[in-house]
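Listed below are the residues making up each chain.
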2 protein chains.
Amino acid sequence: MEDDRITLAHGNGGRFMRELIEDVFARHLGAAELDTQADAVPLALNGGDVMITTDGFTVQPLEFPGGDIGSLAVHGTVNDLAVAGARPMYLTLNAFIEEGLELALLNRLVASLAQAARDASVTVSAGDTKVLRRGEGGGLYLATTGVGVRLPGVRPSMQNIQDGDVVLVSGSIGDHGAAIMLAREDFGLRGDVLSDSASVHKLAAALLQFDGLRFMRDPTRGGLASVANEIFRATGLGVRFEASVPVKEPVQSVCDMLGYDPYYLACEGRVVAVIAPHQAEDAVAAWRHLSGGEDAARIGRITSSDKRVILETSLGGERFLEELEDDPLPRIC
Amino acid sequence: MEDDRITLAHGNGGRFMRELIEDVFARHLGAAELDTQADAVPLALNGGDVMITTDGFTVQPLEFPGGDIGSLAVHGTVNDLAVAGARPMYLTLNAFIEEGLELALLNRLVASLAQAARDASVTVSAGDTKVLRRGEGGGLYLATTGVGVRLPGVRPSMQNIQDGDVVLVSGSIGDHGAAIMLAREDFGLRGDVLSDSASVHKLAAALLQFDGLRFMRDPTRGGLASVANEIFRATGLGVRFEASVPVKEPVQSVCDMLGYDPYYLACEGRVVAVIAPHQAEDAVAAWRHLSGGEDAARIGRITSSDKRVILETSLGGERFLEELEDDPLPRIC
């Protein structure tokens, strides 16, 4: 048995599994809160209105410019609670670890996950590990479930969206997708593109004070275009993007070079919001005062005249953003 | 693209993923409760004391005598809540699906999961799917998080265990592990051994009325011997099993033939309980009246005289059951 790599015996319920959980998971995640001896643990929710979400993570490579699968798992789950109007409080964590994974790498990833959880003020309250045979896993898959309590203020929902509403985004789009593309060796490219992977809970909470807020979403898999198509499918209202959608220059260059469209690339630290027109400017201003919201912008509007998702190009033309079919980039999150 | 198998495009956030979720997951799991358009969903918990647990499932084969990975995922998670003294209410579901998996098989597994959830009166309230590239997954991995509310009565915990307490089991041990072994082609054996995979929430709830109840656990990975070693590690008290631990004859035969020890084989529908001696017989009687508890038995005792886990053999000898090290059987759950 190699001492520095995961073996099948780390998954068997015996001594090696206990030591793995103690030495890696409980050590980073806080043994006091992560009771490894209990089958289920109590959550202190103080009678609040409980919200729940869940997410799986399979990103390749496990570490990428601007983040890794550990912090991404926290951000992705926290963000789903945040855009639904909840304060993220607890996470559960499932780790599917491939036989042969270096323990040093696993330690880095779990430490990063623990740091992201502390940064977002969430507690990892329950966990489970399974070991997959060599070749049966991509190094590490994670699944996280997030529990939070609904914050006072608006209850954002796609059903609230009205004709004439304005669409905002909290920052540039496509950074995560482009960073993952560049991190993959098969492209043979390197650039100064970083993933935007981050918790958006402060950005989301800031918008709940606006009574004209209709809906928020973090545009992950499928990107901004997919969020817009979901809005269209759910409401029957068109979404029209103006040419002002923020895309960083190196992200656009990567897309041009490789034939990708930034509107379909995943973000992992952005919020798309739909809001009543009279509060749009104030909401953008509120975001710009917050860390991660510096590049917030008004990017489009909801319209009953269009019955699809339309992008106004910088040359004055129009382009339809259809629902995604082919996979632009597997294992992005 | 083959229409009857999973493709990478089923994981991309676009049309195929939406259709997969609508046609397979939402259809079986109840579209009304599983809101596929929301990032996070509210749970109706009525201010109860909320308990949470999480589990990953990688069993091979995906279908086995007596169960499948779908129902097993429900049972495993529901059972962790049940033995902790909670009423299971909600599940979240993560599915990691390998490219190439037959849609017909996926449908059977999700339908089985949905049926098990209905049988245990739990609602699948949130879900996520990821598609893994061919060769990067074992067909299907599942991760489930369970949320419940603490039931009135005793709060079972390993820390309550006292010298002289009695150990009970709700039925025969090793059935699941033996069934999985036989279901694997490489053994070239077939028998009439069925997995015991089942929800134990009624068995567990029945024991909460006994004020002498100390602790309950479902002996999964690592089996009865591992639960006993956890008790010894946590309390410093020995565990002494009598020769009366129920093992079905075909399970014992399989173990004898293949060199396995039923005390280390996983169960997926049993409860091990520790209880004050004066209530042991009544607790066994209560279990025997319930479905799944017909073979309940008193199997051992907690003792400060022994400082390890000891099995009394039928020949009057003793055998030490050490903490598991080598993996007897990977991918058992």
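For clarity, every value in this text was computed on a predicted model and none was experimentally measured. Residue positions are given per chain, counted from 1 along the sequence in the order it is written. Think of it this way: whatever chain is written first is A, whatever ligand is written first is 1, and the rest follow in order. Side-chain atom pairs in this predicted model are given and counted only at pLDDT of 80 or more, local residue features only at pLDDT of at least 70, and totals for whole chains, interfaces and linings cover all residues. Computation of side-chain values: all heavy atoms of the structure, hydrogens and water removed.

Trainee: Sorry, what's going on with the overall build of chain A here?
Mentor: Secondary structure summary: chain A contains eight helices and 14 strands in total. For chain A, the C-alpha radius of gyration of 21 Å lies close to 20 Å, the compact-globule estimate for 333 residues. Summarising its shape, the C-alpha atoms of chain A cover approximately 65 × 50 × 30 Å along the three principal directions. Should any heavy atoms of two residues lie within 4.5 Å, those residues are counted as being in contact. The long-range fraction of contacts in chain A, counting pairs at least 24 apart against all pairs at least 6 apart in sequence, stands at 85%. Exposure was quantified through the Shrake-Rupley algorithm and a 1.4 Å probe, taking into account, for residues, occlusion by the shown protein chains and nothing else. For chain A, the accessible area works out to roughly 12000 Å², and carbon and sulfur atoms hold 47% of it. Positive: Lys, Arg. Negative: Asp, Glu. His and the chain ends are not part of the count. Charge positions are represented by NZ for Lys, CZ for Arg, CG for Asp and CD for Glu. Measuring between centres, the 29 positive side-chain charges of chain A sit 2 Å from its 47 negative side-chain charges. Helix and strand assignments come from DSSP, with helices taken as H or I runs of at least 4 residues and strands as E runs of at least 2, each series counted from the N terminus. Throughout, radius of gyration means the C-alpha value; the globule benchmark is 2.2 Å times the number of residues raised to the power 0.38.

Trainee: When you look at the interface of chain B and chain A in this model, what are you seeing that I'm missing?
Mentor: One frequent convention defines the size of an interface as the accessible area lost when the parts assemble. Each partner contributes residues to the interface: chain B has 75 residues there, and chain A has 75 residues. Here chain B and chain A share an interface that buries about 5700 Å² over both sides, 51% of which is from carbon and sulfur atoms. The three residues of chain B that bury the most area against chain A are B:D39, B:I52 and B:R221, which together make up 14% of that side's buried surface. We count a salt bridge whenever a side-chain nitrogen from Lys or Arg sits within 4 Å of a carboxyl oxygen from Asp or Glu. Taken together, chain B and chain A are joined by two salt bridges. For A:D128, the salt bridge identified is with B:R221, shortest N-O distance 3.0 Å. Under the rule applied, a polar contact is a pair of N or O atoms within 3.5 Å (in protein, one hydrogen donor and one hydrogen acceptor; residues adjacent in sequence only if both atoms are side-chain atoms). If you look at where chain B meets chain A, you find 19 residue pairs in polar contact (both at pLDDT 80 or more). Looking at the side of chain B that touches chain A, its residues break down into 33 nonpolar, 22 polar and 20 charged. As a working definition, buried area equals the accessible area (1.4 Å probe) given up by two parts on being put together, with both sides summed. Each residue is assigned to one of three groups, with Ala, Val, Leu, Ile, Met, Phe, Trp, Tyr, Cys and Pro labelled nonpolar, Asp, Glu, Lys and Arg labelled charged, and all others, Gly among them, labelled polar.

Trainee: Even after reading the chapter, I still don't get unusual backbone geometry, so can you show me in this structure?
Mentor: All names here are of chain A. Here Q60 and P61 are connected by a cis peptide whose omega angle stands at 0 degrees. Summarising the element assignment, P61 is placed in the loop between β2 (50-57) and β3 (63-64). Even without glycine at this site, S121 takes up a positive phi of about 60 degrees. Along the chain, the position of S121 falls in the loop between α3 (103-119) and β6 (123-132).

Trainee: What should I look at first to understand helix α1 (residues 15-29) of chain B in this one?
Mentor: Quick reminder: α-helices carry 3.6 residues per turn. Residues three or four places apart thus point the same way. Here a helix's expected span is defined as the number of its residues, less one, multiplied by 1.5 Å. Helix length check: α1(B), at 15 residues, gives a terminal C-alpha distance of 20 Å against a target of 21 Å (1.5 Å per residue), a fit within 8%. We define the bend at any residue as the angle between the axes fitted to the seven residues before and including it, ending there, and the seven starting there. Its axis deflected by about 35 degrees at B:E22, α1(B) carries its strongest bend there. Summarising the contacts, the buried residues of α1(B) are in contact with α6 (223-235) of chain A together with β5 (86-98), α3 (103-119) and β6 (123-132) of chain B.

Trainee: Before we go on, may I ask you to explain the domain arrangement of chain A in this structure?
Mentor: All names here are of chain A. For each domain, the first and last residues come from an automatic or database assignment. In terms of domains, chain A is made up of domain 1 (37-150) and domain 2 (158-320). Placing the centre of domain 1 and that of domain 2 at their C-alpha centroids yields a distance of 25 Å. Summed over both sides, the interface of domain 1 with domain 2 buries roughly 1500 Å², with 63% coming from carbon and sulfur. Taken as a group, P65, N79 and V83 account for 34% of the area that domain 1 buries against domain 2, more than any other trio of residues on that side. Our count for the domain 1 to domain 2 interface comes out at zero salt bridges. Counting across the domain 1 and domain 2 interface gives seven residue pairs in polar contact (both at pLDDT 80 or more). For the side of domain 1 that touches domain 2, the per-class residue count stands at ten nonpolar, six polar and two charged.

Trainee: Just checking my understanding: could you explain the relation of the copies chain B and chain A for this structure?
Mentor: Each of the two chain copies goes to the other by way of a rotation about an axis and a shift along it. A least-squares superposition brings the copies together, and it is based on the C-alpha atoms of residues with pLDDT no lower than 70 in both. The transform that puts chain B on chain A rotates by 180 degrees and translates by 0.0 Å along the axis, for an RMSD of 0.0 Å. This pairing of chains is accounted for by a two-fold axis. Of all interface residues in chain B, 100% are interface residues in chain A too; the two copies therefore contact each other through one and the same surface.

Trainee: Is there a simple way to explain the packing of helix α2 (residues 69-83) of chain B against α3(B) in this structure?
Mentor: Describing two packed helices takes the angle between their axes plus the distance from one axis to the other. Residues and elements named next belong to chain B. Here, axes are lines fitted to C-alpha atoms. For helices the fit covers the stretch in contact, and angles between N-to-C directions go from 0 to 180 degrees. The N-to-C vectors of α2 and α3 enclose an angle of 30 degrees; their axes lie 6 Å apart at closest approach. In terms of orientation, α2 lies roughly parallel with respect to α3. At the point where α2 passes α3, the crossing takes the right-handed sense. Across the interface between the two elements, I69, G70, S71, V74 and H75 of α2 pack against L109, S112, L113, A116 and A117 of α3. The residue makeup of the contact of α2 with α3, split by class, is six nonpolar, four polar and no charged. By the definition adopted for this analysis, an angle is roughly parallel if under 35 degrees, roughly antiparallel if over 145, roughly perpendicular if from 65 to 115, and oblique otherwise. Note on convention: near helix rotated counterclockwise from far helix by under a right angle means a left-handed crossing. Clockwise means right-handed.

Trainee: So what exactly am I meant to see when it comes to the sheet that holds strand β13 (residues 309-312) of chain B here?
Mentor: All names here are of chain B. What the seven strands build is an open sheet, ordered β9-β11-β8-β12-β10-β13-β14; its pairing is mixed. Both outer strands of the open sheet, β9 (213-217) and β14 (318-320), are each paired with one neighbouring strand and no more. On average, each strand axis in the sheet is tilted by 25 degrees relative to the strand beside it, whichever way the strands run. Strand contacts of helix α8 (residues 280-288): β8 (166-169), β11 (272-275) and β12 (297-303), with the helix running at about 5 degrees to β8, the strand carrying the most contacts. One bridge is not enough; two strands pair if DSSP finds at least two bridges between them.

Trainee: Sorry if this is basic, but what is going on with the packing of aromatic side chains here?
Mentor: What describes a pair of aromatic rings is the distance from one ring centre to the other and the angle between the planes of the rings. Pairing of aromatic side chains requires ring centres within 6.5 Å, counting the rings of Phe and Tyr and the six-membered ring of Trp. Pairs whose planes differ by under 30 degrees are stacked, by over 60 edge-to-face, and all others tilted. By the definition in use, this model includes four aromatic pairs over all chains. Between A:F96 and B:F96 the ring centres are 5.4 Å apart and the planes differ by 70 degrees, which places this aromatic pair in the edge-to-face class. You can see A:F96 sitting in strand β5 (residues 86-98) and its partner B:F96 sitting in strand β5, one on each of two chains. A 1.4 Å probe rolled over the protein chains alone gives each residue an accessible area, and that area as a share of the maximum for its type sets the label: buried under 20%, exposed over 50%, partly exposed in between. Since its relative accessible area comes to 1%, A:F96 is described here as buried. Ring centres of A:Y141 and B:Y141 lie 6.1 Å apart, and the angle between their planes is 40 degrees; on these two criteria the pair is classed as tilted.

Trainee: What exactly am I supposed to notice about the packing of helix α1 (residues 15-29) of chain A against α3(A) here?
Mentor: All names here are of chain A. Taken N-terminus to C-terminus, the directions of α1 and α3 make an angle of 30 degrees; their axes are 8 Å apart at the nearest point. On the basis of the axis angle, α1 is roughly parallel to α3. The element α1 and its partner α3 pack so that their crossing is right-handed. Across the interface between the two elements, L20, D23, V24, F25, R27, H28 and L29 from α1 touch L103, L106, N107, V110, A111, L113, A114 and R118 from α3. For the contact of α1 with α3, the residue count by class is ten nonpolar, two polar and three charged.

Trainee: It is not clear to me how helix α4 (residues 175-183) of chain A should be interpreted in this structure. Could you clarify?
Mentor: Residue and element names in this part refer to chain A. The element α4 is largely enclosed, with a buried count of nine among its nine residues. Taken as a whole, α4 has its buried residues at D175, H176, G177, A178, A179, I180, M181, L182 and A183. In the core, the buried residues of α4 are packed alongside β3, α2 (69-83) and α7 (249-258).

Trainee: Just checking my understanding: could you explain the sheet that holds β6(A) for this structure?
Mentor: Backbone hydrogen bonds hold the strands of a sheet together, and the pairing may be parallel or antiparallel. The strand order across the open sheet built from five strands is β6(A)-β5(A)-β7(A)-β2(A)-β1(B), with neighbouring strands paired in mixed fashion. Strands with a single pairing partner mark the edges of an open sheet, and in this sheet they are β6 of chain A together with β1 (41-42) of chain B. Strand direction decides the pairing type here: β5(A) and β6(A), joined by nine bridges, are parallel. By the bridge assignment for β6(A), A:L93 is matched with A:G127. In this fold α1(A) packs onto β5 and β6 of chain A, with an angle of close to 145 degrees to the strand it touches most, β5(A). Packed onto the sheet, α3(A) meets β5, β6 and β7 (140-150) of chain A and runs at close to 10 degrees relative to β7(A).

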